[in-house]
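# Examining the three-dimensional arrangement
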Amino acid sequence: MVSGEVQNLPFRDESFEFVSAVTVIQHIPPQEQFRVLSEMVRVLRPAGYLFLIELSRGYGLHVFSRLPDD
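Residues numbered from 1 in each chain as written. Predicted model: local features only at pLDDT ≥ 70, side-chain atom pairs only at ≥ 80, totals over all residues. Heavy atoms only, no water.

The next thing to look at is the side chain of glutamine 33. Among the structural elements, glutamine 33 can be located in helix H1 (residues 30-42). On the accessibility criterion, glutamine 33 (15% relative accessible area) is buried. (Helix = DSSP H or I, 4+ residues; strand = E, 2+ residues; numbered from the N terminus. Buried < 20%, exposed > 50% of the residue type's maximum accessible area, 1.4 Å probe, protein only.)

With 13 residues, H1 extends 19 Å between its outermost C-alpha atoms, agreeing within 8% with the 18 Å of an ideal straight helix rising 1.5 Å per residue. Residues of H1 that are buried: Gln33, Val36, Glu39 and Met40. The buried residues of H1 all sit within an arc of 130° when viewed along its axis, so they share a single face. Along H1, the residues that are exposed and aim more than 90 degrees away from the buried face are Gln31 and Phe34. Of the surrounding elements, those touching the buried residues of H1 are strand S1 (16-22) and strand S2 (44-53). (Expected span 1.5 Å × (residues − 1). Arc of directions from axis to C-beta. Contact = heavy atoms within 4.5 Å.)

With that out of the way, let us pick up unusual backbone geometry. A positive phi is found at threonine 23, a non-glycine position, where the angle reads about 50°. A positive phi angle is found at alanine 47, which is not glycine, with a value near 65°. Structurally, alanine 47 is set in strand S2. Assessed through its relative accessible area of 74%, alanine 47 is described here as exposed.

Time to look at the side chain of glutamate 39. Note that glutamate 39 resides in helix H1. Not counting residues within four places of it along the chain, the set of residues in contact with glutamate 39 comprises Val6, Gln7, Asn8 and Leu9.

This model, assessed by the stated rule, comprises two aromatic pairs. Consider the rings of phenylalanine 11 and phenylalanine 16, whose centres lie 5.0 Å apart with planes at 85°: the pair is edge-to-face. Between phenylalanine 18 and phenylalanine 51, the aromatic rings sit 6.2 Å apart at their centres with planes inclined by 25°, giving stacked as the arrangement. One end of the pair, phenylalanine 18, is in strand S1; the other, phenylalanine 51, is in strand S2, and 33 residues separate them in sequence. Note on phenylalanine 51: relative accessible area 40%, which makes it partly exposed. (Phe/Tyr/Trp six-rings, centres within 6.5 Å; stacked < 30°, edge-to-face > 60°.)

This is the structure in structure tokens:
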């Protein structure tokens, strides 16, 4: 088992083909969300997949389908 903070994932660059987060981003302070998403992209291999599910109630910031460079 590996534990760590999502803002500083304890994995090497390009370690995974698939990264998922289910209702995680909404619990991160808005000023840290970009760092969290950057970390998820950092550990993805080229052409890997980032799968995010967040609750959407019609207000606040939302995460939509994007390319890793976005």
